[in-house]
Amino acid sequence: MNASSRPGIRRLRRPLDRRARWAMGLLVVAVLASFLASLSIGDRVISPIRVVEALFETQGGVRMVVVDWRLPRALAALFFGAALALSGTVFQTITRNPLGSPDVIGLTTGAYTGALIVMTTGGSSGVAVSIAAVLGGFATAALVAALVAGRGALGYRIVIVGIGVSAVLAAVNAWMLLRARLEVAVSAAIWGAGSLNGVGWAQAIAPIIIVSALIVVLVLSRRGLWLIELGDDIGTSLGGRIALTKAGLVAIAVALCAVVTAAIGPIAFVALAAPHLARLIVKNGPLHLVATALMGAVLLSLADIIGQNAFPGRALPVGVVTLVLGGVYLIFLVVRTARRRF
């Protein structure tokens, strides 16, 4: 049998239908619109045309507002949203569970724990806190993997064990905050809400470069992700090294989530919702990863716009907005999943 005639290979190569192409086009427009809105809307509303002009200016008050203040935040929202969404789609594919996202199984909580350990023990360096958050995310992933190793119903167990680990770590985090000095506890609590407030070029450049590199690696590894989606037996028959591929993809997904958490704090539900919404557009076609990244970028960007402008004079952390909207989506997802099973 010719390799190109195998069902799995044909599935990986199937073209986008007209509806999917239109949907992808609208998604690109939504990304550009949300990006432009992030640069236009704020305490000082600037027209979109003036925003575009300011991007090419070298000085002036409008340029300072657009380029120095709003642009790094807007770019961070797009890149970090895409990173969270891709992390979520990797975990959902590997666990074969719609609830298998890094925030549900405790990775963001673990990253917060790592950051809190440094914050509450006298560490004030942003680099130290970021490194601790990344290490906390990886340590939590290793703990969850160890607890479910060698057992059946992998996806179901990962979600249940992850929820339990997340609950324990949340209690540990609360205990550390209660024991910390007041100023440290306040600072850590603000960071723990997940916020793009105060993100400038100094805070945005390094994380954006890192997540961009990780996204490129993930896109280059997309065939392995599709083989996993086909199932271990079929993936192995098509030449995939499934165990090694899963380990590599999990490492990339954990790194994407941990880097974002290290930069702006825990952000809930973008990783959960974006892959599902993207799948409604392109199913599991060749541009599913692209659609997922774009959807995550739109969700986090819109959530940040809502957080900044919902209550004039009082900006909400973007993590609070995603938590509220994501909670509603999680209820919908659980109810729909239960109806399908029963």
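One can find the structure itself at the top, above this paragraph.
Conventions we followed
- Residues numbered from 1 in each chain as written.
- Predicted model: local features only at pLDDT ≥ 70, side-chain atom pairs only at ≥ 80, totals over all residues.
- Heavy atoms only, no water.
- 1 Å grid on protein atoms, 1.4 Å probe; cavity = no way out; pocket = protein on both sides within 12 Å on 5 of 7 lines; lining within 4 Å.
- Points joined across faces, edges and corners; volume = space filled by probe spheres on them.
- Helix = DSSP H or I, 4+ residues; strand = E, 2+ residues; numbered from the N terminus.
- Nonpolar A, V, L, I, M, F, W, Y, C, P; charged D, E, K, R; others polar.
- Phe/Tyr/Trp six-rings, centres within 6.5 Å; stacked < 30°, edge-to-face > 60°.
- Buried < 20%, exposed > 50% of the residue type's maximum accessible area, 1.4 Å probe, protein only.
- Axes fitted to C-alpha atoms, helices over the stretch in contact; angles between N-to-C directions.
- Parallel < 35°, antiparallel > 145°, perpendicular 65-115°, else oblique.
- Left-handed = near helix turned anticlockwise from the far one by under 90°.
- Contact = heavy atoms within 4.5 Å.
- Core = buried A, V, L, I, M, F, W, Y, C linked by side-chain atoms within 4.5 Å.
- Expected span 1.5 Å × (residues − 1).
- Arc of directions from axis to C-beta.

**Quick notes on the layout of surface pockets**
Taken as a whole, the largest pocket encloses approximately 800 Å³ of empty space. In this structure, the largest pocket is lined by 30 residues; those nearest its centre are Gly 126, Ser 130, Trp 191, Ala 262 and Ala 263. Of all elements in the fold, only α6 (126-148), α8 (182-192), α9 (201-220) and α12 (242-264) reach the threshold of two or more residues within the lining of the largest pocket. Residue contributions to the lining of the largest pocket peak at 6 residues, all from α6. Split into classes, the residues belonging to the lining of the largest pocket amount to 18 nonpolar, 11 polar and 1 charged.

**Thoughts on unusual backbone geometry**
Phi angles above zero are rare outside glycine, and Arg 96 is one such case at about 55°. Located in the positive-phi region is Phe 269, a residue other than glycine, with phi close to 75°. Along the chain, Phe 269 turns up in the loop between α12 and α13 (270-282).

**A few points about the packing of aromatic side chains**
Applying the stated criterion to the full structure yields 1 aromatic pair. Relative to Trp 191, the ring of Tyr 112 has its centre 5.6 Å away and its plane inclined at 35°; by these criteria the two rings are tilted. With Tyr 112 in helix α5 (residues 107-119) and Trp 191 in helix α8, this residue pair connects regions lying 79 residues apart in the sequence. Per residue, the accessibility class of Tyr 112 equals that of Trp 191, and both read buried.

**Quick word on the packing of α9 against α12**
Relative placement of two packed helices is described by the angle separating their axes and the distance separating the axes. Where α9 meets α12, the axes come as close as 10 Å, and the angle between the chain directions of the two elements is 160°. Relative to α12, the element α9 lies roughly antiparallel. The handedness of the crossing between α9 and α12 is left-handed. Note on element contacts: α12 touches α9 through Leu 249, Ile 252, Ala 255, Leu 256, Val 259, Val 260 and Ala 263, opposite Pro 207, Ile 210, Val 211, Leu 214, Ile 215, Val 217 and Leu 218. Here the residues of the contact of α9 with α12 are counted per class, giving 14 nonpolar, no polar and no charged.

**Observations concerning the nonpolar core**
Ranked by internal contacts, the top residues of the largest apolar core, which has 58 residues, are Phe 80, Leu 196 and Leu 256. The dominant element in this core, judged by the number of residues it contributes, is α12, at 11 residues. Sequence-distant contacts of Leu 256, that is, excluding residues within four places in its chain, are made with Ala 83, Leu 86, Ser 87, Val 211, Leu 214, Ile 215 and Leu 218. The next biggest cluster of nonpolar side chains, apart from the first, holds 27 residues, and it includes Met 24, Ile 46, Ala 54 and Met 295.

**Points about α9**
Because each turn of an α-helix spans 3.6 residues, side chains separated by three or four positions end up pointing in the same direction. With 20 residues, α9 ought to run about 28 Å at 1.5 Å a step, and its terminal C-alpha atoms sit 28 Å apart, in line with that. The complete set of buried residues in α9 reads Ala 204, Pro 207, Ile 208, Val 211, Leu 214, Ile 215 and Leu 218. Along the axis of α9, the buried residues cluster in a sector spanning 135°; they form a single face. Among the exposed residues of α9, those oriented more than 90 degrees off its buried face are Ala 202, Ile 209 and Leu 220.

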